[in-house]
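Here are the chains, one letter per residue:
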Amino acid sequence: MKRGLIPEAMEEKWFIYFEDHELHFHRGWTGQGIFRVELQEEESGDASVKRALFATDDAVSDMVHLVELLRFLVGNLLLDRRLPFPRSMSSSEPAPGVIQHSFSGTGYPEKTLDKK
């Protein structure tokens, strides 16, 4: 995770870096900061999330969805996992995968989040 991610192609939508115990997530094209995650280092060498901050807009206002989007980014872009992309029940898109590609430039399977 500390290595972060530097976009090398237009399809890579995120610039992620680690600094002062925090992961910073910026949009690759605009540089706009979207997520910031403060980590607490454990004695075992693991880390836990101490605090997560989100810059939101009208398109994404559901906190559960924001947390799942952040989990998706960390898991797939930093930890090489294959987590499904979390789709909000309220989202509508012209064709399957359009929102995911716009958000992350990826094509993972998708799951629709339960409404709670």
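Attention in this report is confined to the structure presented alongside it. Remember, predicted model here, so these are calculated numbers, not experimental data.

Conventions used here
Residues numbered from 1 in each chain as written. Predicted model: local features only at pLDDT ≥ 70, side-chain atom pairs only at ≥ 80, totals over all residues. Heavy atoms only, no water. Helix = DSSP H or I, 4+ residues; strand = E, 2+ residues; numbered from the N terminus. Rg over C-alpha atoms; globule rule 2.2 N^0.38 Å. Phe/Tyr/Trp six-rings, centres within 6.5 Å; stacked < 30°, edge-to-face > 60°. Buried < 20%, exposed > 50% of the residue type's maximum accessible area, 1.4 Å probe, protein only. Lys NZ or Arg CZ within 6 Å of the ring centre and 35° of its normal. Polar contact = N/O pair within 3.5 Å; in protein donor to acceptor, adjacent residues only side chain to side chain. Contact = heavy atoms within 4.5 Å. Pairing = 2+ DSSP bridges.

A word on the overall build of the protein chain
Phase 1 of the analysis: When helices and strands are counted, the protein chain shows two helices and six strands.
Phase 2 of the analysis: Going from the N terminus to the C terminus, the protein chain shows its helices and strands as β-β-β-β-α-β-α-β.
Phase 3 of the analysis: What you see for the protein chain is a C-alpha radius of gyration of 14 Å, in line with the 13 Å of a compact globule of 116 residues.
Phase 4 of the analysis: Seen through its C-alpha atoms, the protein chain measures out along the principal axes to roughly 45 × 35 × 25 Å.

Notes on the packing of aromatic side chains
Phase 1 of the analysis: What the rule picks out here adds up to eight aromatic pairs.
Phase 2 of the analysis: Seen in terms of ring centroids, F85 and F103 are 5.9 Å apart; in terms of plane orientation they differ by 55 degrees. Their pairing is tilted. Separated by 18 residues along the polypeptide, F85 in strand 5 (residues 85–87) and F103 in helix 2 (residues 98–104) bring together distant segments of the chain. For the pair F85 and F103, one class covers both residues: buried.
Phase 3 of the analysis: Among the aromatic residues, those joined into a ring-pair cluster are W14, F25, F35, F54, F72, F85, F103 and Y108.
Phase 4 of the analysis: Just above the ring of W14 sits the side chain of R27; from NZ or CZ to the centre is 4.4 Å.

Notes on the side chain of E22
Phase 1 of the analysis: You can see E22 is positioned in strand 2 (residues 22–27).
Phase 2 of the analysis: Relative accessible area serves as the criterion here: at 15%, E22 is assigned to the buried category.
Phase 3 of the analysis: Side chain to side chain, E22 and H24 meet in a polar contact 3.4 Å long.
Phase 4 of the analysis: Those residues in contact with E22 that sit more than four places away from it in its chain are Y17, R36, V37 and E38.

A few points about the pairing of strand 2
Within a regular strand, side chains alternate between the sheet's two faces.
Phase 1 of the analysis: Buried residues dominate strand 2, accounting for six of its six residues.
Phase 2 of the analysis: Across six bridges, strand 1 (residues 14–19) lies against strand 2 in antiparallel orientation. Across the sheet, F18 pairs through a bridge with L23, a residue of strand 2.
Phase 3 of the analysis: Here strand 1 hands over to strand 2 after two residues, with D20 in that stretch at a positive phi of 50 degrees.

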